[in-house]
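# Fold and contact review
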Amino acid sequence: MSAMGFCCCYKQADMMKCVDTIVDKCTDPGCCLSRMRPRYKRLVDNIFPSVPQDGLVKNNMEKLTFYALSSPEKLDRIGEYLFQKASRDISRKRNEFVMIAMEAMDQLLVACHAQTLNLFVESYLRIVQKLLESSEPSLQILATQSFVRFSNIEEDTPSYHRRYDFFVSKFSSMCHNNNPNLVTMEMIRMAGIKGIQGVIRKTVSDDLVENIWEPVHMDKIVPSLLFNMHTMKSKTELMVESGISEEVNDKTDSFSLAESCLRELIGRASFGHVKSVIRPVLKHLDAHHMWVPNVFATQCFRILMFSIQSQYSYAVVETLMTHLDENSNASPKIRTSIADVLSKIIAIAANESVGPTVLEIINSLLTNLRTSVTRRPPSNTGLSESDGENEYREALIHALGEFAAHLPDYQKIEIMMFIMSKVPQFKSSNNPNDLHVQRMCLKSLLMVSTKYSSVQMNATFPQSFLDLLLKTLTASEDEIRFIVLRILHTLLDRHNNAPKLSKATVNISKSDINLEKCSRSDTIFIRKHAQDIYVSIYESLEMTNNTVDNVEAVYTTLALICIELLSEETVLDFIRLILSIQELAITNAVLSTQQKFHLHALVISIMLLVAVVTDLHPLKDYVEKIIEQRKLLNATHLLPEISIHNEVKSASLLPAGVLIEEPELTEALKASGIEITSLFSCETGPVLTHRRSWVENTNISTKGSFTDLSNLDLDSVNSTPAMQRRFSPNEDLSFEAMKRSLLDNPAIKVEQNTRQTQLCDMFRNTSFQDLVAISTASKDEETLHTKITDVFNKVDISNKLSTVETPNQPKPIYETLFPELFAF
């Protein structure tokens, strides 16, 4: 064969190589040896133009696609050959031909869905990996774009051996790119985010591939997304502060893209994988000190809460609360910021939280409150509590209120009862931490009560809840009583009258308040619980540490009871309470003069409101007459406004006609059409009857009304066996007579008050052993036993007991009330 018979390829080949090698290296379509190459290689070679700027040869690409569809068993070989050509072009820096090879790969991926696609995908992923490993930003972006298109393809057959750990690491590192060229840096970062999004789509829906939820992957993906969100946000804020305006497309900036990817990630998470996403978020915020300020942290958790499946939203709250517990030793600012984030997202989870989950969240918040109280410095150290700790508690209380605000009303009642059961119940305590715990729990209860809308009082105040609330109302701490009164305000006020009644006033009309007729259920409620409510309020007014705020809070409470619950059936009991408060202001020897004036102002204001609300015009005229009389006789210190009375006057100097008198009040009520014969007694007077524990243990049926107790003669003298009253039947013991006896001789009154004050101070400040010594040190050395013996010697009880009862002889009241003492 002559030299002219050899082709040009033969001239270029090494004479020692085999013919197959020569054929393999021949890429010239016009060469005679090209006919000896496999068809799939010839089709692949034909898609590449002679000039790379011309791009992919579309006609030849269609032939290659048709061949791949007709012979799917050749698809893996096509992919392997394309990978070899692309690798050779990458090493030779022929980027244009690399782009043509990737375009051909993409078209084959879209067109082919055969079972052998997995083998082709392996070659495809090797090309993508090769491009990502290059240092050319354009090739990295090209590989990412191709991988994103591949991630949107649903494969017909699962893959058992495919791994994406390289892609997770590479795309995450691209998210942190710091190229000096800002445009290039932004493009590479966005490509990294898109690549992560593609990995998520390919792995989450395929259970046979690598578990993307493992910490080794989540610790790379989540911080990369948060880094771009925070960096872009900081850049935007800096531009705004600098006055630079730049129109940024929300769909193309890295912040929006990273946010979208994070939303998709948490949205695809099942219940078991939620914490796998949340924990890297918390770890990132801790490591980069992003809790203070917590603007970015709040934004991140709001994104998570709005993107997660609604039935799993409480898991985010639970994880964040656990993180708060783990940071119990952190600075108050950090704990406050975490609690603030919790308060801003907890409402989103409230709608999906039911049953034990609700109480679990509430209990966790209360536990953190108690733990915070234990951090208070001891009182003997002289150190003051930090403001940060107080802010932390307020943030927890706010979070509790936000959570309760989005719950149904029946769950709010359960929460209030649960919180009330956690309030320490004691009349007084010397431990500051105990008082602080009680105060914090009540503030939490107040926050929940502000989110509740009362409809019926019997549903708002279950028996156990009301009993604990009233018991706390008589606590020794004035601030605690004030908080309880505010809780009552929020629960009693159904028509938004509380702001108008925040201060006592005698200038009020019916048009100033929103009125609605009291329902039958509310009437039954107040008749049943009036005694307990009124006695608790009365006892709270007896406290010597009451401030102006406490008295005004009591006025608001009584005013709301008057507006919401009073009717013709229950108004007399309420008036009896008002008269008892006036009697307290006159006869109490412990209250200060200013406190007594506050009570007088409270009495006249509430009595006027009763007349206005119930349309008792004669009563209103009588109260207005007293008001005018106080103004004329220079007794304005007995009128509201309570807080402006700075002039100190003597409490015993009460001119005639400035108090509510029983005879005049009786006439005014009768003129209004109210029968009062069963309410007032000339012997007992309008004095509030305190609760007695022994009355509840007897067989006597009490209806809960003061009218029922007024019919019983419970005088201490008559209740003693065989003892008679020691006053003449003609002796005047009316209210007027008692008042005159107290006011006629001021010197005696002052001396009595001084003696009573000294006696109270002695019993408060003297030790128990000294009190025993003082009580037993008498000239006759009489003991308690001798006194009791003397009393029983004077009572001929044996004759009483031996006498057979007749049907006409009623059983003595002491045997009725104390049957166990006379049982033989």
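Residues numbered from 1 in each chain as written. Predicted model: local features only at pLDDT ≥ 70, side-chain atom pairs only at ≥ 80, totals over all residues. Heavy atoms only, no water.

The next subject is the overall build of the protein chain. When helices and strands are counted, the protein chain shows 36 helices and zero strands. Here the protein chain holds 824 residues, and 46% of them are scored as buried. Restricting to contacts in the protein chain with at least 6 residues of sequence separation, those with at least 24 account for 74%. Looking at the protein chain as shown, the accessible area adds up to about 41800 Å², and 53% of this sits on carbon and sulfur atoms. (Helix = DSSP H or I, 4+ residues; strand = E, 2+ residues; numbered from the N terminus. Buried < 20%, exposed > 50% of the residue type's maximum accessible area, 1.4 Å probe, protein only. Contact = heavy atoms within 4.5 Å. Areas by Shrake-Rupley, 256 points an atom, 1.4 Å probe, with all protein chains shown as cover.)

Next up on the list: the nonpolar core. Ranked by internal contacts, the top residues of the largest apolar core, which has 213 residues, are Phe 147, Phe 301, Phe 461, Phe 574 and Leu 602. Looking at this core element by element, the count peaks at twelve residues for helix α27 (residues 593-613). When sequence neighbours within four positions are dropped, the list of residues in contact with Leu 602 reads Leu 541, Val 551, Val 554, Tyr 555, Leu 558 and Ile 581. Phe 597, Ala 635, Leu 654 and Val 658 belong to the second-largest nonpolar core, a separate cluster that totals seven residues. (Core = buried A, V, L, I, M, F, W, Y, C linked by side-chain atoms within 4.5 Å.)

Applying the stated criterion across every chain yields a total of 16 aromatic pairs. Where Phe 147 meets Phe 171, the ring centres are 5.5 Å apart and the plane angle is 50°; that geometry is what we call tilted. Pair noted here: Phe 147 is in helix α8 (residues 137-151) and Phe 171 is in helix α9 (residues 165-174), with a separation of 24 residues, a long-range link. Each of the two residues, Phe 147 as well as Phe 171, counts as buried. Taken together, a centroid distance of 6.4 Å and an interplanar angle of 20° make the contact between Phe 461 and Phe 465 stacked. By relative accessible area, Phe 461 is classed as buried at 4%. Following the ring pairs from residue to residue traces out a cluster consisting of Tyr 124, Phe 147, Phe 150, Tyr 164, Phe 166, Phe 167 and Phe 171. (Phe/Tyr/Trp six-rings, centres within 6.5 Å; stacked < 30°, edge-to-face > 60°.)

The terminal C-alpha atoms of helix α26 (residues 571-587), which comprises 17 residues, lie 25 Å apart, in line with the 24 Å expected from a rise of 1.5 Å per residue. Counting buried positions along α26 yields 16 of 17 residues, so the element is predominantly enclosed. (Expected span 1.5 Å × (residues − 1).)

With 14 residues, helix α19 (residues 409-422) should cover 20 Å at 1.5 Å per step; its first-to-last C-alpha distance of 20 Å lies within 8% of that length. Those residues of α19 that sit buried are Gln 411, Lys 412, Ile 413, Ile 415, Met 416, Phe 418, Ile 419 and Met 420.

Looking at the secondary structure, you find Ser 364 in helix α17 (residues 356-373). Accessibility expressed as a relative area gives 17% for Ser 364, which makes it buried. Ignoring sequence-local partners within four residues, the contact set of Ser 364 consists of Met 321 and Asp 325.

Moving on, we get to the packing of helix α22 (residues 463-473) against helix α23 (residues 478-492). Look at α22 against α23: their axes get within 8 Å of each other, and the N-to-C directions meet at 140°. In this view, α22 runs oblique relative to α23, as classed from their interaxial angle. Across the interface between the two elements, Phe 465, Leu 469, Thr 472 and Leu 473 of α22 pack against Ile 480, Arg 481, Val 484, Leu 485, Ile 487, Leu 488 and Leu 491 of α23. (Axes fitted to C-alpha atoms, helices over the stretch in contact; angles between N-to-C directions. Parallel < 35°, antiparallel > 145°, perpendicular 65-115°, else oblique.)

Time to look at unusual backbone geometry. Residues other than glycine predominantly adopt negative phi, and peptide bonds predominantly adopt the trans conformation. Following Val 292, the chain continues to Pro 293 via a peptide bond in cis, the omega torsion being -10°. Here Pro 293 shows up in the loop between α13 (274-287) and α14 (295-307). A positive phi angle, close to 55°, is found at Asn 634, a residue other than glycine. Summarising the element assignment, Asn 634 is placed in the loop between α28 (617-632) and α29 (662-671). On the basis of relative accessibility, which here comes to 53%, the residue Asn 634 falls in the exposed class.

Bringing the pattern of salt bridges into the picture now. Counted according to the given criterion, the structure contains 18 salt bridges. Arg 268 is the salt-bridge partner of Glu 264, the closest N and O atoms lying 3.2 Å from each other. With relative accessibility at 36%, the residue Arg 268 sits in the partly exposed group. Each of Arg 201, Glu 264 and Arg 268 takes part in salt bridges that share partners, so that together they form one network. (Salt bridge = Lys/Arg side-chain N within 4 Å of Asp/Glu carboxyl O.)

It is worth spelling out the confidence of the model for the protein chain at this point. With 72% of its residues at a pLDDT of at least 70, the protein chain reaches an overall mean of 78. Of the regions scoring below 50 in pLDDT, residues 238-251 engages in five contacts with residues more than four places distant in sequence or in other chains. pLDDT under 50 marks residues 379-383. Its contacts with residues more than four places away, or in other chains, come to two contacts. (pLDDT = per-residue confidence, 0-100.)

So, about the packing of helix α15 (residues 313-326) against helix α16 (residues 332-350). Where α15 meets α16, the axes come as close as 10 Å, and the angle between the chain directions of the two elements is 165°. Considering their axes alone, α15 and α16 lie roughly antiparallel with respect to each other. In the packing of α15 onto α16, the handedness of the crossing is left-handed. Counted together, Ser 313, Tyr 314, Val 316, Val 317, Leu 320, Met 321, His 323 and Leu 324 of α15 and Arg 335, Ile 338, Val 341, Leu 342, Ile 345, Ile 346, Ile 348 and Ala 349 of α16 form the full contact between these two elements. Split into classes, the residues belonging to the contact of α15 with α16 amount to 13 nonpolar, two polar and one charged. (Left-handed = near helix turned anticlockwise from the far one by under 90°. Nonpolar A, V, L, I, M, F, W, Y, C, P; charged D, E, K, R; others polar.)

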